[in-house]
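# Descriptive analysis of the structure
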Amino acid sequence: MRQSRSFRLGAVTALAGLALTACAGGGGGTTDDNKVEIVGAVSGANAVALQTEIAALAASTGIDVTFTTIPDFDTVIQSRVRGNNPPDIAVFPQPGVLLDLKDDMVALDDVIDLPTTTKDMIPGLSTVAVADDGKTYGLPWSINAKSTVWYPVPEFQDAGYQIPASQAELEALTAQIKADGTPPWCFAFEAGAATGWYVTDWIEEYVLRIGGPEVYDQWVKHEILFDSPVVKQAAETFEKLILTPGNAVLDRQGMAATPWGDALQPLVASPPGCFMGRQANFVIGFWPPEVQADPSKFVSSFLLPPVEGGFDGQAVLGGGDLAAAFNDNESTKKILEALFSPEFGQTWAQQPNNDFVSPYATFDNSKYISSTVAKVGEAVSQADTFRFDGSDQMPGQVGSGSFWTEMTAWVTEQETLDQALKNIDASWPAS
Amino acid sequence: MLKILNGILAILGGVGASLALFWLMNFAVERLPSKWSERLKPWVFAGPAVLFITIFLVYPAVRTIVISFFDKRGENFIGIDNYTSLFGDSAFHNTILNTLLWLLIVPAFAVATGLLVAVLADRLGPKAEKGTKSLIFLPMAISMVGASTIFRFVYEWRPAGDPQIGLLNAVWTALGGEPQVWLQQSTGRLNSLLLMVILIWMQTGYCMVLLSSAIKGVPEDTVEAARMDGANEVQAFFRIVVPQIWATVVTVFITVFIGVMKIFDIVYVMTGGNFNTNVVALAFFKELFEFSNDGRSAAIVVILLIAVTPVMYYQVRRFKAEEAMR
């Protein structure tokens, strides 16, 4: 009896001790200590490349600036901000997540000279992270061009194929390649819990091309429903191009079961397993080492062309990393000014396996590591309009929820298109 | 280095301070008149524990219930809107249905297979019994995510014509079938069933170990007596052994049942809730961390809480009944 009581006493004491220890951790605030902590989702070889840019930035500004990769970024950044432990600057891949946290942020209008900063940006980029209050909370430091269609060189030219200037020409080219005996397109979209985003990108491409940027923006804000002619037409255009049997390497179920990173592998095989694949420039990092070493020997690219009767001009759909500030002290301000300039990224762009493309039309294209990336950068800088990935701007419920899952259900034929679109509309949160 | 030192100091300080606190309170109570001392003494030791449970368990539970009546950011009261929108959402209906299927199928199968293995292993020689049991217990030691990764390979699909590296498709094609994308086959909830197999595979070992020791605790003479009276093996098992281990069976069943209610990892890793395989815990996770909707996620938790309560109530009552029997 005596022994058991002292054991219990010990156990309770230890527990209480642990609880106190837990309380002892944490704390600490951010004042200007000449240190700037940047966190983001940039990962892998691209993050290694980015570190050189950060080191150069630290050297030129004299500020102790660091960049830390956070895996599972969307979740961690929310808990850090809610836990009152925000970084100085966070770089968001999704404007929707960024704007969710705007109450804890500093509006960039109040920190930097916004008009000068955004003057030379590619049209459409500076307004991506503008909140309801009309203030800008985030600007891109790097972008990617999702509208890039890759083709194998020299096989594409050798076969006598011409780069299409319109959707009709693209469909004709698709038919021509198919008739020549190779599946024209590479496409697959399995992405674990995020399965479906690659399909939503395609839908966005065609809403932007068929409806034009204004309609696109209204659709992103749900002023135009999913269950509307323009979205339906966009989905059907994609379906006709990619999902028609024989138009792609895989069938519908196969696309949903094959990882998206493997999707464009047949394109760089010899002989090519397909002749076209639409994916942002970061796809280069997924190809075999010999392709990464000198992509211009294996691939080249064109932008997904305009649709007849739709937006008159070259539209580019893309994504990007948007930097937002959680305080406005002098060090943070200096770093923000350095991040948002056409000079930013010149070191980053020259590292092996980087994914950097500058948001500035005035960026020096000769700084890109290869002619392949330079071609993408140049094409984007000449685009008539740039629109940010729409699903990233929609409420999480839709943009990283029902839009993904419903499109997956539609492509794998578990639902009709009408059903899927109606379900997405139903899931849109009531303000 | 400084951090480690800090940690050690904090642990020493924390443990020391709480030791001192208990000692002081005990000291003070012992000074009281003996009647009061007797009355208060249990609270000196139980009190802090009750306090901690209140702070870390009761308060969050109450807070969750309150938040479930608030909006996305947990700021404005919106009544039962979260609940009405959840129950009006066809995707959530599916989620509930899936969770129910998990709850019906997994504990039953895990206990049944565990019992079967325990009984059969009991008849082997000591060495073979040990070997078999260790093998079957092994999956228990793997994390859910690890087990899911293993089964991803089992269910792996490759286009027809390519070598099938997935076990299931390899067997299927060897028998003359077309390679199937198993995790997308939601007809008859086949894909959900395939996911349940993973958990049953993991939990069978746990059920087996507990049931096996219960079976070994059944007095041999009761079974002998039944045999003498002419009972066959099946009758002896169901009429003599099972009633005597029934308490263990129920406990094991409820433990697995409660584990299944929280099932998340397997579905998250294997399908991400796509193709009609979503479950309640994953729906909650998505609402909170991906859609940052505090109110809706709290509402899902409350629904889960209400669903668990009867099981808890039953379990507590049974414990009390057992205590009373001793």
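Residues numbered from 1 in each chain as written. Chains lettered and ligands numbered in written order. Predicted model: local features only at pLDDT ≥ 70, side-chain atom pairs only at ≥ 80, totals over all residues.

## Examining the overall build of chain B
Scanning chain B from terminus to terminus reveals 13 helices and 0 strands. Along chain B, helices and strands appear, N-terminal first, in the series α-α-α-α-α-α-α-α-α-α-α-α-α. For 326 residues, the compact-globule estimate of 2.2 N^0.38 gives 20 Å, and the C-alpha radius of gyration of chain B, at 26 Å, exceeds that figure by more than 25%. With respect to the principal axes defined by its C-alpha atoms, chain B has extents near 85 × 65 × 50 Å. In chain B, which comprises 326 residues, the share counted as buried stands at 28%. (Helix = DSSP H or I, 4+ residues; strand = E, 2+ residues; numbered from the N terminus. Rg over C-alpha atoms; globule rule 2.2 N^0.38 Å. Buried ≥ 20, exposed ≤ 12 C-beta atoms within 10 Å, placed from the backbone.)

## Describing the domain arrangement of chain B
What the domain assignment reports for chain B is domain 1 (2-67) and domain 2 (84-325). On a C-alpha basis, the centroid separation for the pair domain 1 of chain B and domain 2 of chain B is 38 Å. (Domains from an automatic or database assignment.)

## Notes on the sheet that holds strand S6 (residues 148-152) of chain A
Residue and element names in this part refer to chain A. Pairing within the open sheet is antiparallel, and its 3 strands lie in the order S7-S6-S8. With one partner strand each, in any of the chains shown, strand S7 (277-278) and strand S8 (299-303) form the two edges of the open sheet. The sheet contact formed by S6 and S8 spans 5 bridges and is antiparallel. Pairing of Val 149 across the sheet is with Phe 302, part of S8. Strand contacts of helix H13 (residues 371-381): S6 and S8, with the helix running at about 5° to S8, the strand carrying the most contacts. (Pairing = 2+ DSSP bridges. Contact = placed C-beta atoms within 7 Å. Axes fitted to C-alpha atoms, helices over the stretch in contact; angles between N-to-C directions.)

## Points about the confidence of the model for chain A
On average, residues of chain A score 89 in pLDDT, and 92% of them are at 70 or above. Predicted confidence in chain A is weakest over helix H1 (residues 2-24) of chain A, with a mean pLDDT of 44, and strongest over helix H9 (residues 229-243) of chain A, with 97. (pLDDT = per-residue confidence, 0-100.)

## A closer look at the nonpolar core
Ile 89, Val 207 and Ala 324 of chain A are the most contacted members of the largest nonpolar core, which totals 172 residues. The dominant element in this core, judged by the number of residues it contributes, is helix H8 (residues 190-216) of chain B, at 12 residues. Ignoring any residue separated from it by four or fewer positions in sequence, one finds Val 207 of chain A in contact with Tyr 216, Trp 219, Val 230, Val 231 and Ala 234 of chain A. (Core = buried A, V, L, I, M, F, W, Y, C linked by C-beta atoms within 7 Å.)

## Details of the environment of Phe 386 of chain A
Residue and element names in this part refer to chain A. One can find Phe 386 in strand S10 (residues 385-388). By C-beta crowding, Phe 386 is classed as buried, having 27 other C-beta atoms within 10 Å. For the pair Phe 386 and Phe 275, spaced 111 residues apart in sequence, the C-alpha to C-alpha distance is 26 Å. Each residue touching Phe 386, except ones within four places of it in the same chain, is listed here: Ile 122, Pro 123, Gly 124, Leu 125, Val 316 and Gly 318.

## Some thoughts on unusual backbone geometry
Residue and element names in this part refer to chain A. With an omega of 0°, the peptide bond running from Val 153 to Pro 154 counts as cis. Tracing the backbone through its elements, the reader meets Pro 154 in the loop between S6 and helix H6 (155-158). Of note, the bond from Ser 270 into Pro 271 is cis; its omega dihedral lies within 30 degrees of zero at 0°. Considering the arrangement of structural elements, one finds Pro 271 in the loop between helix H10 (252-257) and S7. Its identity as a non-glycine residue notwithstanding, Asn 84 has a phi of 60°, on the positive side. Tracing the backbone through its elements, the reader meets Asn 84 in the loop between helix H3 (73-82) and strand S3 (89-92). Even without glycine at this site, His 222 takes up a positive phi of about 70°. Residue placement: His 222 occurs in the loop between helix H8 (197-220) and H9. Residue classification places His 222 among the partly exposed positions, given that 16 C-beta atoms sit within 10 Å.

## Looking at the interface of chain A and chain B
With 32 residues of chain A at the interface, the matching set in chain B holds 28 residues. Looking at the side of chain A that touches chain B, the elements that each hand over two or more residues are H1, H3, H10 and helix H14 (396-411) of chain A. Its residues assigned to classes, the side of chain A that touches chain B comprises 13 nonpolar, 17 polar and 2 charged. (Nonpolar A, V, L, I, M, F, W, Y, C, P; charged D, E, K, R; others polar.)

## Re the confidence of the model for chain B
Residues and elements named next belong to chain B. Mean pLDDT for chain B: 90, with 100% of residues reaching 70 or above. Looking across chain B, the model is least confident in helix H13 (residues 294-325), with a mean pLDDT of 86, and most confident in H8, with 94. Prediction confidence for the complex, expressed as pTM and ipTM, is 0.80 and 0.73 respectively.

## Regarding the packing of helix H5 (residues 126-137) of chain B against H8 of chain B
Residue and element names in this part refer to chain B. Put simply, H5 and H8 touch, their axes get as near as 7 Å, and they point 140° apart. Between H5 and H8, the angle is such that the two are oblique. Residue-level contacts link Lys 133, Ile 136 and Phe 137 of H5 to Thr 204, Gly 205, Met 208, Val 209 and Ser 212 of H8. Of the residues assigned to the contact of H5 with H8, the class counts are 4 nonpolar, 3 polar and 1 charged. (Parallel < 35°, antiparallel > 145°, perpendicular 65-115°, else oblique.)

## Considering the domain arrangement of chain A
Residue and element names in this part refer to chain A. Assigned domains of chain A: these are domain 1 (35-145 + 318-379) and domain 2 (148-316 + 390-427). Just the C-alpha atoms count here: the centres of domain 1 and domain 2 sit 27 Å apart. Contacts between the two partners involve 21 residues from domain 1 and, on the opposite side, 21 residues from domain 2. Only helix H2 (44-61), helix H4 (95-100), strand S5 (136-145), strand S9 (315-325) and H13 provide two or more residues apiece to the side of domain 1 that touches domain 2. Per-element accounting of the side of domain 1 that touches domain 2 gives the leading share, 6 residues, to H13.

## Observations regarding H3 of chain A
Residues of H3 of chain A that are buried: Phe 73, Asp 74 and Ile 77 of chain A. Buried residues of H3 of chain A fall within an arc of 95° about the axis and therefore sit on the same side. Each element contacted by the buried residues of H3 of chain A is listed here: strand S1 (35-40), S3 and H4 of chain A together with helix H12 (280-290) of chain B. Immediately beyond the C-terminal end of H3 of chain A, within one or two residues, lies Asn 84 of chain A, with a positive phi of roughly 60°. (Arc of directions from axis to C-beta.)

## Topic: the packing of helix H1 (residues 2-31) of chain B against helix H2 (residues 34-67) of chain B
Residues and elements named next belong to chain B. Where H1 meets H2, the closest approach of the two axes is 9 Å, and the angle between their N-to-C directions is 170°. Considering the angle they form, H1 stands roughly antiparallel to H2. Facing H1, whose interface residues are Met 25, Asn 26, Val 29 and Glu 30, H2 presents Ser 37, Leu 40, Lys 41 and Val 44. A per-class count over the contact of H1 with H2 returns 4 nonpolar, 2 polar and 2 charged.

## What to know about the pairing of S9 of chain A
All names here are of chain A. When you tally the buried positions in S9, you get 11 out of 11 residues, the bulk of the element. Of the two faces of S9, both are covered, the one formed by Ala 315, Leu 317, Gly 319, Asp 321, Ala 323 and Ala 325 as well as the one formed by Val 316, Gly 318, Gly 320, Leu 322 and Ala 324. Two elements, S5 and S9, share 6 bridges in a ladder whose sense is antiparallel. Counted as the bridge partner of Pro 140 is Leu 322 from S9. Sheet topology note: the S9/S10 ladder contains 4 bridges and is parallel.

## As for the environment of Ile 266 of chain B
Position of Ile 266 of chain B among the secondary structure elements: in helix H11 (residues 265-270). Residues within four places of Ile 266 of chain B in sequence aside, it is in contact with Met 144, Ser 148, Leu 195, Ile 198 and Leu 199 of chain B.

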